[in-house]
Every structure is written in structure tokens, then in C-alpha cells.
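Spelled out, the chains give:
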Amino acid sequence: MIIATLFLRAIDAAVRKAERSRKESGNIKKALSEIKEPGRKYNESFSPYVTSRNGNVIYADFKKGKGYDPTIPAFNNLEKAVAKERSKIEQPSPSLPQRISTAMRNLPTMASNAFNNTLGYPIVLSQNYRTEGRTRKHPEEPVGYIKVGLGQTMGAGWKTGRAFRKRHINPYHLPPEHYRPPHEQHRHEVRHIQKFIKKAKIVDPEKRNDLYTGHSSGGNAAIYAAGDHSLYKLGIKHIQAVAPTPYGIRADRLSHKLMGTVVDLSVDDVSKSKIARENALKMYHRVPLKDPTGKHGIKSIHIIAGAKDGLVSPRETYYKHADKQYVIRHPKSTHFGTSGSNNEINEIIADLAAMQVYGHKKKEYRRAA
């Protein structure tokens, strides 16, 4: 008797479930008839199926086995929104002789970069150790946290650190972790900075006036960090991003293809990568915590681009929340040149850092516009 009762209940439940499924199917079809897909004409030749992934609506044509990326129309709107400001810092395309001349000038810088990435590593460890001791004795001197770009080791920034030290900004190099998601990368950065604060015996970090400078993807990390309340509480009040790509790049130039044989640029390529478009949209909508006094946020965000940069053009460095945007018009202002491998460019970047931290007048800087 008990078994029969359970059997009948099971049948009744199955019938009720089927009825609910039929009604929900009808509701979905009705809802779909009212949907207009953004970014393209609605295709009446098939009935699209709608599913939710992380809050995004994905339209998929299962008859053709084709999916539609919902970030494409949103990213197109982003590019339209920043097009006017990007055009203001866009540099004219160089001629073939000019590109050849730039490449020849860049050979010593590339050789320097190879040296820095290998033998420069123990030098930056020495600079970090020296900065720990210097900060204990002279806590009033600002620290410049340095982060290199994609495919670089910490050693690539030792010459930048040397130029900073001349201007009484003590360098401390952060390890590159560019293949982590931005939030994970930032969490690791915070841990490294906290360890430094402990070793340097900094008593009240919130009152400090330190700088975070990053190159390329390191610049992206610096910009991302500005949106976290933990940064200014650690004493970092200024962001300097050199050749960053906050809204991604279109890796369609020969220089990108050549660089792509060495490092993976897909994480930034908005023309091919859905992840790159998602990251660009997140960065576009991420608002930095800014406060001119530094008590409740970052005091300043400065962006620096190289006029001769063949990988990241000046227009691609545009960031809508930046206080100042510089373009270095120098024959060696290539991507390798701004990476820390060229002494002249390092002096320029260090001058700009000193202006930002100490408030020096612009007359002390002659190379950027």
C-alpha cells in the first residue's frame, strides 16, 4: 500500500513538472519575440536561445552553431566615447624610412633590455634592500614602487630605479604577475607592499606620499589599483602609468605580430579576444578613488606615452580619469625605450615623477609635451 501511494505521488509530481515546463516554455517564447539583439539586425530565420552567463545575455544560433559576443556592441560604444579624446594625442603615422630609422636607433635599447632582464635582476634586489634601510632612516622621502610590463623581469626596471633615486624617490620593485586576473594581481601587489612596510618599519603609512609607476601592462595594474581603497591607505598617493593600454589594443600591426612571437598579446587584443574586451569595459567603468588631499584617495594619475612607440600608440594610452597626459617626443621613445632600457627616457620619466610627487614646476622638464 505504501509503495503504491509513493508511486502515484511520483507520477503526479512528474505531470505537474511537465505542465510547469510547458508554461515556462511559452513565456520564454513570448519574451523572445520582444527582444531586439543589439549591434545587428534581428535574424528571423531562426529562433535564438537566450542564456545567462555572469549576467551577460548571449545570443546563440544553434542551427548554425554560432554564438554572439555581447561585449562587442558595448565595446564599440566605449571606443566611440573615447574617440575624440584619443584623437587629441594621436601621432602621425611614420613613413617607411622613419620606421627604419627608429628601428636602427632602437637596437642598442633592445640590447640593453636583454641585459636588464637577466643581469639586472640582482641589481633590483639590491635596490629593494637599500630602499628598506633608507626608508627606516629617512621616512620623509617618498618611495617609488616600480612594476615592469609583459614579458619582462623585475630587472628591466633597475635603470628607472637609479634615475628615481637621483631625485630622492627611493625605488622598490614589484614582481610581475601579468597573467593573473587583475584582481588577483592587485591582491599580490598589496601583499608585497605590506611586507615592505613591515620591513621598513613604517609606523603610519596613510600619511606617506609615495608613487606607483608601471610600464605597459604594469601601467594597467597601476591604474586598476587606483580603484581600491587599500592603495592610498598604504601610502601610495600618485599613479604614473607609462605606455598603458587601459582600453586594450588592436594587435594588427607588424610590430604586434613580431612581438607576439615572444609574448602573448591576446590578453590585450580587443579585436580578437572576448576577455580583452571584458577587461577594457571593466577598466572603463572602474572609477579610481581620488582625493587631492590624499586622505581619502589618490592625489594624481598621470599617463605617459612615447611618440615613437610602435606597440602602444599614444592614442591607445588615453585614460579618461587621468589628471595629465604626456607624450614624449624623443627619437628613442619606443616601447623598449620607455620600458626602462634607455637612460635618456628614464631621466624624462623620473623628471615627470618628481614633478608629480614634489610638485616641481614644468620648466624643469623639457622633453615631453
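This is a predicted model, so every value here is computed, not measured.

## Section: the overall build of the protein
Here is step 1: Each helix and strand in the protein was counted, giving eleven helices and nine strands.
Here is step 2: Restricting the contact set of the protein to residue pairs at least 6 apart, pairs at least 24 apart contribute 70%.
Here is step 3: Carbon and sulfur atoms form 57% of the exposed surface of the protein, whose accessible area is close to 20,000 Å².

## Some remarks on the packing of helix 6 (residues 182-199) against helix 7 (residues 217-225)
Here is step 1: Direction vectors running N to C along helix 6 and helix 7 enclose 85°, while the axes themselves pass 10 Å from each other. When the axes of helix 6 and helix 7 are compared, the pair comes out roughly perpendicular. Contact residues: Pro182, His183, Gln185, His186 and Glu189 in helix 6; Ala221, Tyr224 and Ala225 in helix 7.
Here is step 2: In terms of residue class, the contact of helix 6 with helix 7 is built from four nonpolar, three polar and one charged.

## Examining the environment of glutamate 344
Here is step 1: Tracing the chain through its elements places glutamate 344 in helix 11 (residues 343-358).
Here is step 2: When the C-alpha positions of glutamate 344 and serine 333 are compared, they lie 9.2 Å apart, and in sequence the two are eleven residues distant.

## Thoughts on the nonpolar core
Here is step 1: By size, the foremost hydrophobic cluster in this structure holds 41 residues, and its most contacted members are Tyr145, Phe196, Tyr212, Ile239 and Tyr247.
Here is step 2: Going through the elements one at a time, helix 2 (71-89), strand 4 (143-147), helix 6, helix 7, helix 8 (229-233), strand 7 (236-242), helix 10 (274-285) and strand 8 (300-306) are the ones with two or more residues in this core.
Here is step 3: In this structure, Ile304, Ile348, Met355 and Val357 belong to the second largest nonpolar core, which totals 17 residues.

## Re the side chain of serine 341
Here is step 1: The residue serine 341 is located in the loop between strand 9 (324-328) and helix 11 in this model.
Here is step 2: Overall, the relative accessible area of 4% leaves serine 341 in the buried class.
Here is step 3: One polar contact links serine 341 to serine 339, side chain to side chain, over a distance of 3.3 Å.

## Let's talk about the pattern of salt bridges
Here is step 1: Scanning the entire structure with this criterion turns up 13 salt bridges.
Here is step 2: Residues glutamate 141 and arginine 134 are paired through a salt bridge, measuring 2.7 Å at the closest nitrogen-oxygen approach.
Here is step 3: On the accessibility criterion, glutamate 141 (11% relative accessible area) is buried.
Here is step 4: Of the residues examined, arginine 134 reaches a relative accessible area of 32% and is grouped as partly exposed.
Here is step 5: Measuring nitrogen to oxygen at the nearest pair gives 2.8 Å for the salt bridge that ties arginine 208 to aspartate 210.

## So, the sheet that holds strand 8
Here is step 1: Spatially, 5-4-6-7-8-9 is the arrangement adopted by the six strands of the open sheet, whose pairing is parallel. The open sheet is flanked by strand 5 (170-173) and strand 9, the only strands paired with a single partner. Each adjacent strand pair in this sheet contributes to an overall mean axis angle of 20°, direction not counted.
Here is step 2: Taken together, the five bridges between strand 7 and strand 8 define a ladder with parallel strand orientation. By the bridge assignment for strand 8, alanine 241 is matched with isoleucine 303.

Reading the values: rules and limits
Residues numbered from 1 in each chain as written. Predicted model: local features only at pLDDT ≥ 70, side-chain atom pairs only at ≥ 80, totals over all residues. Heavy atoms only, no water. Helix = DSSP H or I, 4+ residues; strand = E, 2+ residues; numbered from the N terminus. Contact = heavy atoms within 4.5 Å. Areas by Shrake-Rupley, 256 points an atom, 1.4 Å probe, with all protein chains shown as cover. Axes fitted to C-alpha atoms, helices over the stretch in contact; angles between N-to-C directions. Parallel < 35°, antiparallel > 145°, perpendicular 65-115°, else oblique. Nonpolar A, V, L, I, M, F, W, Y, C, P; charged D, E, K, R; others polar. Core = buried A, V, L, I, M, F, W, Y, C linked by side-chain atoms within 4.5 Å. Buried < 20%, exposed > 50% of the residue type's maximum accessible area, 1.4 Å probe, protein only. Polar contact = N/O pair within 3.5 Å; in protein donor to acceptor, adjacent residues only side chain to side chain. Salt bridge = Lys/Arg side-chain N within 4 Å of Asp/Glu carboxyl O. Pairing = 2+ DSSP bridges.

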